[in-house]
Amino acid sequence: MMIQIKQTAQLLRNCRRLVVLTGAGVSKESGVPTFRDAMDGLWAQFDPAQLATPQAFQAHPKRVWDWYEYRRDLVRQAHPNPGHFALAELERRVPQFILVTQNVDDLHEQAGSQRILHLHGKIAQNKCFFNCQGDPTLIDLDRSQSAWIDGVPACPHCGRWVRPDVVWFGEVLPLDILHEAAEASRDCDLMLVIGTAGLVDPAGSLPRVAKQAGAQVIEINPDHSAITRYADIKIDGPSGEVMPAVIKAMDHAR
Ligand code: APR
């Protein structure tokens, strides 16, 4: 593993345009549960793929809202780990840096990362289910919420449902953000892929876009993923340990 860390440090030192793609794995060491992990206790009887859809929300708005309240509580208790902090440090060292994340938590922001694209939204935000004022109609519940409807907060504009600002299964990603992420992937000279299974498109296909455009792809993941077979370098390990080691190796690389 030392060799791969050294090679990665060397490539990062020479890199002009870097894209980092992160997934649930980077928040794992912060204790943020993935969909599967978050199905404890009361929620164990449900299948996450059947809660995180617009159809589920339409059929059972209160149930889906309550599940997200539960997940928000778990996220609120979490703190960034050394992997998040190392990525914030990396941003200060590379001329053009962009962090594309599938995570809906804000741990990258808390660690100090600046240029972040949230492909799958942000769990702390809410919007009108019908986007009654245009897409997205973000709602600040602390400031404007008073009424409820069907067990969920009512939109202050149209009185209908408020929902979390996340991308559910079967929904399209925010197009401007996806466009920016795809463009950055095409233009980068290096892509670092950390803690994602790479199974959910279009996020999972961004490393291939980078590779086909001539970039090198480096993966950090303790397990095999859909990216592994075409990664130029694979570092088998948890991001909270590997990323600080990479930064340290950058200090020593020549
Ligand atoms: N460091 C790095 N990677 C890790 C770590 C760690 N400490 N722990 C686990 N991993 C890896 C796992 O091996 C796995 O490949 O992180 C990956 C997590 O995979 P998923 O749970 O499928 O998460 P992700 O790829 O982000 O999922 C994509 O699917 O669940 C939906 O919308 C949700 O954004 C999510 C999307």
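The following paragraphs examine the structure supplied in this document. (Residues numbered from 1 in each chain as written. Predicted model: local features only at pLDDT ≥ 70, side-chain atom pairs only at ≥ 80, totals over all residues. Heavy atoms only, no water.)

## Comments concerning the sheet that holds strand 10 (residues 216–220)
The criterion, for reference: Here, strands pair whenever DSSP counts at least two bridges between them. Each helix is a run of DSSP H or I of at least 4 residues and each strand a run of E of at least 2, with the numbering of both proceeding from the N terminus. Every axis corresponds to a line fitted to the C-alpha atoms, with the helix fit spanning only the stretch in contact, and the corresponding angles, defined between N-to-C directions, vary from 0 to 180 degrees. Note on contacts: a residue pair is in contact if any heavy atoms of the two residues lie within 4.5 Å.
If you walk across this open sheet you meet the six strands as 3-2-1-9-10-11, and the pairing is parallel. With one partner strand each, in any of the chains shown, strand 3 (116–118) and strand 11 (233–235) form the two edges of the open sheet. Across the sheet, the axes of successive neighbouring strands diverge by a mean angle of 15°, strand direction being ignored. Direction of pairing for strand 2 (residues 96–101) relative to strand 3: parallel, over a ladder of three bridges. Residue pairing for strand 3: threonine 101 is matched across the bridge by histidine 118. Helix 8 (residues 175–187) rests against strand 1 (17–22), strand 2, strand 3 and strand 9 (190–194) of the sheet, and its axis sits at about 130° to strand 3.

## What about the site of the ligand?
Stated formally: It suffices for a single heavy atom of a residue to lie within 4 Å of a molecule or strand for the residue to be listed as near it. Throughout this description, a polar contact denotes any pair of N or O atoms lying within 3.5 Å of each other; where both atoms belong to protein, one of them has to be capable of donating a hydrogen while the other can accept it, and for residues adjacent in sequence the pair is counted only when both atoms sit in side chains. Here, Shrake-Rupley sampling with a 1.4 Å probe gives the accessible areas, and only protein chains in the shown set may cover a residue. Residue polarity follows a fixed list, in which Ala, Val, Leu, Ile, Met, Phe, Trp, Tyr, Cys and Pro are nonpolar, Asp, Glu, Lys and Arg are charged, and the others, Gly among them, are polar.
Around the ligand sit 19 residues, and of these Ala24, Glu29, His120, Thr196 and Asn221 come closest. In the environment of the ligand, an oxygen atom lies 3.2 Å from a nitrogen or oxygen atom belonging to the backbone of glycine 195. Within the side chain of aspartate 223, one N or O atom sits 3.4 Å away from an oxygen atom of the ligand. For the ligand, the protein covers 79% of the area, taking 730 Å² as the surface of the free molecule. The biggest single contributor to the shell around the ligand is helix 2 (residues 24–28), with three residues. Class assignment for the residues of the shell around the ligand results in six nonpolar, ten polar and three charged.

## Quick look at the pairing of strand 2
Put simply, the test is: For every residue, the accessible area (1.4 Å probe, protein chains only) is compared with the maximum for its type, and the residue is labelled buried under 20%, exposed over 50%, or partly exposed between those bounds.
For strand 2, the buried fraction is high: five of the six residues fall into the buried class. Looking at chain direction, strand 1 and strand 2 are connected through six bridges and run parallel. Directly across from leucine 21, in strand 2, lies its bridge partner valine 100.

## Quick word on unusual backbone geometry
The omega angle of the peptide bond from aspartate 135 to proline 136 is -5°, so this bond is cis rather than trans. Mapped onto the secondary structure, proline 136 falls in the loop between strand 4 (121–128) and strand 5 (138–139). Cis geometry marks the peptide bond from aspartate 201 to proline 202, where omega comes out at 5°. Even without being a glycine, aspartate 150 presents a positive backbone phi close to 55°. Structurally, aspartate 150 can be placed in the loop between strand 6 (148–149) and strand 7 (152–153). We classify aspartate 150 as partly exposed; its relative accessible area is 47%.

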